[in-house]
Amino acid sequence: MTFPHELLRSGFPYHLTLGQRRVTTNPMDIGFGKERIYVLTRSGLGNGVRVIDWEDENHGIFGEGLFSWPSGLLVDDDENLYVSDEAKHQVVIMDKDGNHIDSWGEQGSDDGQLNRPSGMTFDNNGNILLSDTMNNRVQRFSKSGEFLQSFGEQGTQEGQFNMPWGLTVDNDGDIYVADWKNDRIQKFTENGIFVSSLGSSGSEKGQLLRPTSVDVDSHGDIYVADWQNDRVQLFNKDFKYIQSFHGNASLSASGKKYILANQVTLRLRAMGDFEKTQRLNAPLMVRVDDQFRLFILDFANHRIQIYKKDAVELSEQEIAPEMRNPILLTT
């Protein structure tokens with residue numbers, strides 16, 4: 001797929017908040033069905049997949065008692081759910097009603113074995129790419145768990161990993177991996193050959209501190225959950241820094257309903273720093289859909305913050321060539 005030559009970036013306004021404490025407590029990952037939204041949660045209040053809708057109504061929880069320490073979630077076209085479990089070193093499969101279909105994986109370091117698996121994504125053929133975190137590699141499996149490929153090893157050099165976490169695949173099949181302890185994003189071909197990397201350790205623009213997730217939209221824009229910097233950063237297809245998201249949350253519909261029913265909570269909110277309530281706190285996962293909605297799993301705030309991109313695609317004939325000393329004028 002060819003990306004647009006350039007974009008007129010009009011903005012990336014805040015769109016919506018979903019979830020609340022006691023429902024989407026400590027959200028780890030998110031997936032989408034035809035009408036449902038599936039949110040993987042991991043906490044002392046229970047491990048499982050919370051089912052909500054776009055009106056922020058709670059439709060229950062799947063997988064209670066099935067997981068020990070769940071990390072990643074995928075939803076396929078049939079609305080089957082795939083959950084990686086770090087503690088059990090396996091992937092658990094449920095149907096759209098929460099029935100347990102199958103589990104696969106075992107602990108070890110041989111091909112096809114796992115050691116604390118975390119992030120997952122589908123490749124463009126419908127297979128599962130999985131971050132085999134403590135084995136410092138990425139493995140590819142069929143949906144039923146047949147081992148297909150492995151790449152990566154422990155280290156700091158290009159193509160090596162130190163506890164990889166979230167990962168994604170772009171429309172061309174290239175693979176992007178959040179190389180957690182190396183504070184960078186690495187890009188590979190669909191065959192696992194290293195291409196380039198983005199980021200270095202720090203808190204300045206373009207730097208990263210324990211990135212946990214990455215996603216890429218159909219413009220080639222790259223979104224990174226910069227976990228310990230409490231922000232999400234946006235880079236363009238050429239790895240140039242564009243902007244950061246620090247949080248603009250309003251109350252979700254369910255959160256508003258809960259707070260209005262609790263006088264003490266109402267008073268505490270009235271006395272608090274309102275700006276602080278909007279900000280991200282340990283954002284763990286980013287997902288972008290085909291409508292250019294950016295979903296940020298605001299882990300420590302127990303909610304999902306959603307932004308929506310506003311941009312116009314430009315051809316090479318519609319914009320001047322790059323300038324040596326550009327000065328941006330706003331209009």
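This section reports on the structure supplied with the text.

Thresholds, definitions, all that
All chains use their own residue numbering, which begins from 1 and follows the written sequence. Note on the predicted model: pLDDT of at least 70 is required for a residue's local features to be given, and 80 or more for side-chain atom pairs to be given and counted; whole-chain, interface and lining totals, by contrast, use all residues. Only hydrogens and water are set aside when side-chain values are computed; all heavy atoms of the structure are taken into account. If DSSP finds at least two bridges between two strands, the strands pair. Secondary structure elements follow DSSP: runs of H or I of four or more residues count as helices, runs of E of two or more count as strands, with numbering from the N terminus. Axes here mean lines fitted to C-alpha atoms, for a helix over just the part in contact, with angles spanning 0 to 180 degrees between N-to-C directions. Residues are treated as being in contact if the distance between any of their heavy atoms lies within 4.5 Å.

Overview of the sheet that holds strand S11 (residues 117-122)
The strand order across the open sheet built from four strands is S11-S12-S13-S14, with neighbouring strands paired in antiparallel fashion. Of all the strands in the sheet, the pair left with one neighbour each is S11 and strand S14 (147-151). Here the average twist between neighbouring strands, direction ignored, is 20 degrees. Across five bridges, strand S12 (residues 128-132) lies against strand S13 (residues 137-141) in antiparallel orientation. Note that in S13 the partner of Ile128 across the bridge is Phe141.

Thoughts on the sheet that holds strand S4 (residues 37-41)
Pairing is antiparallel in the open sheet, where four strands are placed in the order S3-S4-S5-S6. Both edges of this open sheet fall to strand S3 (27-32) and strand S6 (58-62), since each of them pairs with a single strand only. When the angles between neighbouring strand axes are averaged without regard to direction, this sheet yields 25 degrees. The pairing of S4 with strand S5 (residues 48-52) spans five bridges and is antiparallel. Residue Leu40 lies in a different strand from S5, and its bridge partner there is Val49.

Let's talk about the environment of Leu167
Relative to the helices and strands, Leu167 resides in strand S15 (residues 164-169). Through-space distance from the C-alpha of Leu167 to that of Ser213 is 6.3 Å; in sequence the pair is 46 residues apart. For Leu167, the residues in contact, after removing those within four places along its chain, are Gly119, Met120, Thr121, Leu129, Leu130, Ser131, Val138, Tyr176, Val177 and Val214.

Limitation: the analysis is restricted to geometry and does not speak to function.
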